[in-house]
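Geometric and topological summary
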Amino acid sequence: MNWPTKEEVKKIREKYPPGTVIQLIYMDDPTPVPNGELGEVWSVDGIGQLHIDWFNYNGSLAVVPGKDKFNKIGYNKRCRNCQNFGYGKTFVCRLNNKQVDARNDSCEDFEVET
């Protein structure tokens, strides 16, 4: 296996900071995470693997850029009012019935989860 350079790992960390939500398309592993599973990046290690907190899968398999296939969905944001999550989409707050856009980083009703 060709290990990524420090510069390549830096670029991966910039592209997938903690809080980034991904959707797995395919994992090249003997016991993979199911295709279509969503998860949140919590760390990128020194060899560029994305460590993921999978939403509906109990396991800790990392995603390897260039080997595994996945899509970047957006960023994990939580409404301060109702604790509802938004994954790069618009939804309605459960407490104040306000429509909020999870893609808007400056929205006062959201904070990025870390």
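Scroll up a little and you will see the structure.
The shown structure was predicted, so the numbers you read here are calculated from the model rather than taken from an experiment. (Residues numbered from 1 in each chain as written. Predicted model: local features only at pLDDT ≥ 70, side-chain atom pairs only at ≥ 80, totals over all residues. Heavy atoms only, no water.)

With respect to the nonpolar core
Short version of the rule: Take the buried Ala, Val, Leu, Ile, Met, Phe, Trp, Tyr and Cys residues and link them wherever side-chain atoms come within 4.5 Å; each set so joined is a nonpolar core. Accessible area is worked out with a 1.4 Å probe on protein chains only. A residue is then buried under 20% of its type maximum, exposed over 50%, and partly exposed in between. Each helix is a run of DSSP H or I of at least 4 residues and each strand a run of E of at least 2, with the numbering of both proceeding from the N terminus.
Counting 13 residues, the largest nonpolar core has Ile22, Val41, Leu50, Ile52, Trp54, Val63 and Phe70 as the members making the most contacts within it. Elements represented by at least two residues in this core include exactly strand 1 (20–26), strand 2 (38–44) and strand 3 (50–54). If you tally residues by element for this core, the top one is strand 3, at three residues.

As for the packing of aromatic side chains
Heads up, the rule is: Planes of paired rings set the category: under 30 degrees apart is stacked, over 60 is edge-to-face and the rest tilted, where pairs are Phe, Tyr or Trp rings (Trp by its six-membered ring) whose centres lie within 6.5 Å. The rule for a charge over a ring is simple: NZ of Lys or CZ of Arg within 6 Å of the ring centre, and within 35 degrees of the ring normal.
On inspection of all chains with the given rule, the structure shows one aromatic pair. Above the ring of Tyr16, the side-chain terminus of Lys72 is found at 5.8 Å from the ring centroid.

Overview of the side chain of Thr20
Cut-off, in case you're wondering: Polar contacts, as used here, are pairs of N or O atoms within 3.5 Å; protein pairs need one atom able to donate a hydrogen and one able to accept it. Residues neighboring in sequence count only if both atoms are side-chain atoms. We call two residues in contact when some of their heavy atoms are within 4.5 Å.
The residue Thr20 is located in strand 1 in this model. Of the polar contacts made by the side chain of Thr20, one reaches the backbone oxygen of Pro17; its length is 2.7 Å. In this view, Thr20 contacts Lys15, Gly39, Glu40, Val41, Lys72, Gly74 and Tyr75; residues no more than four positions away in its chain are not counted.

Digging into the layout of surface pockets
Take a probe with the size of a water molecule and roll it over the atoms, and the empty space left behind shows itself. Inclusion rule: Only protein atoms enter the calculation, which uses a 1 Å grid: trapped sets of points that fit a 1.4 Å probe without letting it out are cavities, open sets showing protein on both sides within 12 Å along at least five of seven lines are pockets, and any residue with an atom within 4 Å of a point is a lining residue. Grid points are joined across faces, edges and corners, and a volume is the space filled by probe spheres set on the points. Only Asp, Glu, Lys and Arg are considered charged, only Ala, Val, Leu, Ile, Met, Phe, Trp, Tyr, Cys and Pro nonpolar, and every remaining residue, Gly among them, polar.
In this structure, the largest pocket occupies an estimated 160 Å³ of space. In terms of lining residues, the largest pocket is bounded by eleven residues, among which Asn2, Pro4, Ile12, Ile47 and Pro65 are the most central. For the lining of the largest pocket, the per-class residue count stands at seven nonpolar, three polar and one charged.

Description of the side chain of Glu37
Note on placement: Glu37 falls in the loop between strand 1 and strand 2. Among the polar contacts listed, one links the side chain of Glu37 to the backbone nitrogen of Asn56, at a separation of 2.7 Å. For Glu37, the contacting residues outside a window of four places in its chain are Ile22, Gln23, Leu24, Trp54, Phe55, Asn56 and Tyr57.

Things to note about the pairing of strand 2
Our working rule: We call two strands paired when DSSP finds no fewer than two bridges between them.
The pairing of strand 1 with strand 2 spans three bridges and is classified as antiparallel. Looking at strand 2, one finds that Ile22 is bridged to Gly39. Here strand 2 runs beside strand 3; their pairing, made up of five bridges, is antiparallel. Note on strand 3: the bridge partner recorded for Glu40 is Asp53. Here strand 2 folds back onto strand 3, and the loop between the two strands holds five residues, one of which, Gly48, carries a positive phi near 85°.

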